[in-house]
Structures are given as structure tokens and as C-alpha cells.
Amino acid sequence: MLEFIIGKYNFWIYIILMMIGFYAMISKNNLIKKIIGMNIFQTAIILFYVSIAYKRGGATLPILTDADAHAHGEHIINMAQYINPLPHVLMLTAIVVMVATLGVALAIAIMLYRKYHTLEEDEIIKALK
Amino acid sequence: MIVTIITGAFLIYGTLDMPEWGDPNSPASRHVSPRYIEKTEIETATPNMVTSVLADYRGYDTLGETTVIFTAGASCIMLLRRRKKKG
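No experiment lies behind these values; they were computed from the predicted model shown.

Can you help me understand the environment of G7(A) in this one?
Relative to the helices and strands, G7(A) resides in helix α1 (residues 2-27). Note on G7(A): 16 C-beta atoms within 10 Å, which makes it partly exposed. If we ignore the near neighbours within four places in the chain, the residues touching G7(A) are E20(B) and W21(B).

Encoded structure:
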């Protein structure tokens, strides 16, 4: 039972963090708070992927050391020696997408503020009617 | 709030089938990542595996990423530009 909890608790923490962001996205009235919730959501996903990359048992960062780099194939690199580089690469892409969505969302918020002079969602909807 | 709790409960139910944290034989680290780790020095001569995967093995992904950045920048400029008033 304890081993089960140790094997899974970090996924649960990321799910709780993700749900905090989701709650902020769907229930907050201020548009900036919604954008902050979206960022929390995306950060939880990034943490989740990076935790998938981890390998127990002495695995290090996926950068070859000098001794390995000059071996040129004579020394066979063991798969368990380095953590999985693929989730890190995918999350590099996800960070870029996160910055792009954040920028466009803030630009749209600035446009709305210029037009309606408020960032509260209910006041904007009232002004639209 | 209720929607949030229901979604979170479903996601936690989904983690019950996931491999344990730090398991070296989890499916995520068995398919292509051993090849990246073992062949990156021979094929790309780059000591940093993240760089070699990003720029060599998955270069098209990075190309698409620059398209995303370009589109976002262009749409930000289009949204934030103050137009000159006519007349």
C-alpha cells in the first residue's frame, strides 16, 4: 500500500494543481485571473511529462559526459544510465506554445480593456447587450 | 466546482493504471528513447541528447514550432496596432 502511494503520489499532485488551474479558468470573473489559471494548467502538464522522464536507480541528465563523448561507439551507452530525453524535448515545444497562447490571450485582454474599460466578464457581457 | 471535482476524480482513477514513478521499464522509456540515447553520439555527434532530438531527429517539429511563434507574434501585432483615424 505504501509503495503504491509512493509510486503514484506525484501524479496526484499534478492532477490537483491542474484542477486548481481548471477551476480558475471556469469560475473566475476576471479575465486576467482566467489567464493565470490557464498558465497553472499548462505548468501542471509540463511537470507531469518531466516526471514521466525520470528513471530510478542512478540515471543522470541526458547529456553525455566527456568520457562517453570521446568513446565514439567503442563504449556502449547504457539506456538505464540517462533519463528519457524525449519528454523534455516535447515540453520544450509545449513551453513555446504556452508563451504563444499567453501572448495572444493578453493581447485580446488589452483589446477588450481598450474597448470596454473593464476586465470583468459580467460587465463586458452586460455592455454587449 | 462540481465539474472540477468530477474531472479530477476521473483523472486520478486514470493514474491507477499508470506505471510507477521512476520505473526504468515504463512504456514511455522503452520505445524510441533507447535508440536516441544509444545512437545520439554516433549519428549526430552532439553530447546533449535533448538538442540532438530537437534539432536532428525531430527537426520538422521545431520548424512547426517557429510557425506557431510567428503566427502568435503576427496576431499580437494585428490586435494591438492602433489604427490611424481617417479624416
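Before we go on, may I ask you to explain the interface of chain A and chain B in this structure?
The figure often quoted for interface size is the accessible area lost as the parts come together. Across the boundary between the two partners, chain A contributes 43 residues, which contact 40 residues of chain B. Those elements that place two or more of their residues in the side of chain A that touches chain B are α1, α2 (31-53) and α4 (86-116) of chain A. Sort the elements by how many residues they give to the side of chain A that touches chain B and α4(A) lands first, with 15 residues. Considered class by class, the residues forming the side of chain A that touches chain B number 30 nonpolar, ten polar and three charged.

What exactly am I supposed to notice about the packing of α4(A) against helix α4 (residues 59-80) of chain B here?
Axis angle and axis distance: for two packed helices, these are the angle between their axes and the distance between the axes, and together they describe the pair. Their axes nearest at 9 Å, the elements α4(A) and α4(B) cross at an angle of 10 degrees. In this view, α4(A) runs roughly parallel relative to α4(B), as classed from their interaxial angle. Across the interface between the two elements, T93(A), V96(A), V97(A), A100(A), G103(A), V104(A), A107(A), I108(A), I110(A) and M111(A) from α4(A) touch D61(B), E65(B), V68(B), I69(B), A72(B), S75(B), C76(B), L79(B) and L80(B) from α4(B). Partitioned by chemical class, the residues of the contact of α4(A) with α4(B) number 14 nonpolar, three polar and two charged.

Would you mind going over the nonpolar core with me for this structure?
Generally speaking, a soluble globular protein has its nonpolar side chains buried in company with each other. Counting 14 residues, the largest nonpolar core has Y82(A), V89(A), Y36(B), M49(B), V50(B) and V53(B) as its most contacted members. Among the secondary structure elements, those contributing two or more residues to this core are α2 and α4 of chain A together with α2 (33-44) and α3 (49-57) of chain B. Ranked by residues supplied to this core, first place goes to α3(B) with five residues. Ignoring sequence-local partners within four residues, the contact set of Y82(A) consists of A59(A), T60(A), P62(A), I37(B) and M49(B). With five residues, the next largest nonpolar core counts F11(A), Y14(A), M18(A) and M19(A) among its residues.

About the criteria used
- Residues numbered from 1 in each chain as written.
- Chains lettered and ligands numbered in written order.
- Predicted model: local features only at pLDDT ≥ 70, side-chain atom pairs only at ≥ 80, totals over all residues.
- Helix = DSSP H or I, 4+ residues; strand = E, 2+ residues; numbered from the N terminus.
- Buried ≥ 20, exposed ≤ 12 C-beta atoms within 10 Å, placed from the backbone.
- Contact = placed C-beta atoms within 7 Å.
- Nonpolar A, V, L, I, M, F, W, Y, C, P; charged D, E, K, R; others polar.
- Axes fitted to C-alpha atoms, helices over the stretch in contact; angles between N-to-C directions.
- Parallel < 35°, antiparallel > 145°, perpendicular 65-115°, else oblique.
- Core = buried A, V, L, I, M, F, W, Y, C linked by C-beta atoms within 7 Å.

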